[in-house]
Amino acid sequence: MHTETAPPPPLLTLRDFRCWYGSYEAIKGVSMDVAEKKVTAFIGPSGCGKSTLLRWFNRMNDLVPGARAQGVMDWGGTNLLDPKLDVVALRRRIGMVFQKANPFPKSIYDNVAFGPRLHWKLSKAELDGIVEHSLRRSALWDEVKDRLHQSALGLSGGQQQRLCIARTVASKPEILLMDEPCSALDPRSTLAIEELMDELRQEFTIIIVTHNMQQAARASDYTAFLYQGELVEFGETAKVFTTPVKKQTEDYIRGKFG
């Protein structure tokens, strides 16, 4: 008898989640569970709501005038939509890597040390340890260990993006949000980021927005296909890409629209 493996327990739960920019409804009643220590990819054409949904997980949309949300967005009993939530503390625990690498105009060392200095009282030795560990986690240590006190702006685009991942990881988040982290990178740097995600999933829950179908297929455990603010299909990546339930999903994956 064929028995399917039980899915891992959800870390994040969405039920009938909706959000608006002013009167425009950007996300329309999305329900899904995000598994712990797995990579979940959000795919879909431009303007379908991928990045909007991602940015509600750590309340980045609070910075957008007229943005509001309703429904359930639960993280282990914490209502992520609670207006009284400390969003600064939340963003330490749910870190974000953006589409364009955005290193601070500081040294490589000071970029990675920024969060730990902000959150904890640490000795120089402790800080040194966190910086090295974070750069090793982001597969950058060997490339920069001899120039830690040089400007981060001197790094290549791919190195800058890995530095931004190191900077995020240094604050010891539990969840990593990645908004098209490879869209500005060459194929070699993209591969390095994907290999990095494969390692980081052992320690973090990762949610990635990507336009790249091959990347979603290679790098994620679960895939959510969004179209015009609605969740069309969600499931294990292998199933979504090989035996999608919806014709619309199949058409998008085959490149018929988008």
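Since this is a predicted model, take the numbers as computed values, not measurements.

**Observations regarding the pattern of salt bridges**
Two side chains bearing opposite charge may form a pair once their charged atoms approach each other closely.
Piece 1. In total, this model carries 17 salt bridges according to the counting rule given.
Piece 2. The salt bridge partner of arginine 18 is aspartate 16, with a shortest N-O separation of 3.2 Å.
Piece 3. The class for arginine 18 is partly exposed, based on a relative accessible area of 26%.
Piece 4. Note on aspartate 16: relative accessible area 38%, which makes it partly exposed.

**Examining the sheet that holds strand E10 (residues 230-236)**
Either a parallel or an antiparallel arrangement is found when strands of a sheet pair, and the pairing is made through backbone hydrogen bonds.
Piece 1. If you trace the six strands from one edge of the open sheet to the other, you get E6-E7-E8-E3-E9-E10, paired in mixed fashion. The sheet is open, and its two edges are formed by strand E6 (94-97) and E10, each paired on a single side. Across the sheet, the mean angle separating the axes of adjacent strands is 15° when strand polarity is ignored.
Piece 2. The strands that helix H6 (residues 157-170) touches are E6 and strand E7 (175-179); relative to E6, the one it contacts most, it runs at about 170°.

**A closer look at the confidence of the model for the protein**
Piece 1. Per-residue confidence for the protein gives a mean pLDDT of 92, with 96% of residues at or over 70.
Piece 2. The least confident element of the protein, judged by mean pLDDT, is helix H7 (residues 187-200) at 88; the most confident is strand E3 (residues 39-43) at 97.

**Some remarks on H7**
Piece 1. In this model, H7 (14 residues) spans 20 Å end to end at C-alpha, consistent with the 20 Å of a helix rising 1.5 Å per residue.
Piece 2. Every buried residue of H7 is accounted for by Ser189, Thr190, Ile193, Glu194, Leu196, Met197 and Leu200. Buried residues of H7, viewed axially, fall in a sector of 160°; they line one side. Residues Pro187 and Arg188 are exposed on H7 and point more than 90 degrees away from its buried face.
Piece 3. Packing partners of the buried residues in H7 comprise E3, helix H4 (124-137), H6, E7, strand E8 (205-209) and helix H8 (213-219).
Piece 4. Its side-chain oxygen 3.0 Å from the backbone nitrogen of arginine 188, aspartate 186 forms the N-cap of H7.

**A short note on H4**
Piece 1. When the terminal C-alpha atoms of H4 are compared, their 20 Å separation across 14 residues agrees well with the 20 Å that a helix rising 1.5 Å per residue should span.
Piece 2. Buried-residue contacts for H4 involve helix H3 (108-119), helix H5 (141-144), H6 and H7.
Piece 3. Phi turns positive one or two residues past the end of H4, at alanine 139, with a value near 55°.

**Things to note about the packing of aromatic side chains**
Piece 1. Per the stated rule, a full pass over the model turns up five aromatic pairs.
Piece 2. On the basis of an interplanar angle of 70° and a centroid distance of 6.3 Å, the ring pair of phenylalanine 17 and tryptophan 56 is categorised as edge-to-face. Here the residue phenylalanine 17 occupies a position in strand E1 (residues 10-21), and tryptophan 56 occupies one in helix H1 (residues 50-56), the gap between them amounting to 39 residues.
Piece 3. Assessed through its relative accessible area of 0%, phenylalanine 17 is described here as buried.
Piece 4. Tryptophan 56 sits in the buried class, given a relative accessible area of 5%.
Piece 5. Residue placement shows arginine 68 over the ring face of tryptophan 20; its charged tip is 4.4 Å from the ring centre.
Piece 6. The positively charged end of lysine 172 is found above the aromatic ring belonging to tryptophan 120, 5.6 Å away from the centroid.

**Some points on the sheet that holds strand E5 (residues 78-79)**
Piece 1. Ordered in space as E2-E1-E4-E5, the four strands form an open sheet in which the pairing is antiparallel. The two strands at the open ends of the sheet, each matched to only one other strand, are strand E2 (24-35) and E5.
Piece 2. In this sheet, E2 lies alongside E1 in antiparallel orientation, the contact comprising eight bridges. Bridge assignment links phenylalanine 17 to a residue of E2, and that residue is valine 30.

**A look at the environment of lysine 256**
Piece 1. Structurally, the position occupied by lysine 256 is in the segment after helix H10 (247-253).
Piece 2. Note: C-alpha distance between lysine 256 and tyrosine 21 (235 residues apart in sequence) is 29 Å.
Piece 3. With residues up to four places along the chain from it excluded, the contact list for lysine 256 reads Lys247 and Asp251.

**A few points about unusual backbone geometry**
Piece 1. In this structure, lysine 37 is a non-glycine residue whose phi angle is positive, near 55°.
Piece 2. Tracing the chain through its elements places lysine 37 in the loop between E2 and E3.
Piece 3. Unusually for a residue other than glycine, alanine 139 sits at a positive phi of about 55°.
Piece 4. Here alanine 139 is to be found in the loop between H4 and H5.
Piece 5. Classification of alanine 139 by relative accessible area gives partly exposed; the value is 43%.

About the thresholds
Residues numbered from 1 in each chain as written. Predicted model: local features only at pLDDT ≥ 70, side-chain atom pairs only at ≥ 80, totals over all residues. Heavy atoms only, no water. Salt bridge = Lys/Arg side-chain N within 4 Å of Asp/Glu carboxyl O. Buried < 20%, exposed > 50% of the residue type's maximum accessible area, 1.4 Å probe, protein only. Pairing = 2+ DSSP bridges. Helix = DSSP H or I, 4+ residues; strand = E, 2+ residues; numbered from the N terminus. Axes fitted to C-alpha atoms, helices over the stretch in contact; angles between N-to-C directions. Contact = heavy atoms within 4.5 Å. pLDDT = per-residue confidence, 0-100. Expected span 1.5 Å × (residues − 1). Arc of directions from axis to C-beta. Polar contact = N/O pair within 3.5 Å; in protein donor to acceptor, adjacent residues only side chain to side chain. Phe/Tyr/Trp six-rings, centres within 6.5 Å; stacked < 30°, edge-to-face > 60°. Lys NZ or Arg CZ within 6 Å of the ring centre and 35° of its normal.

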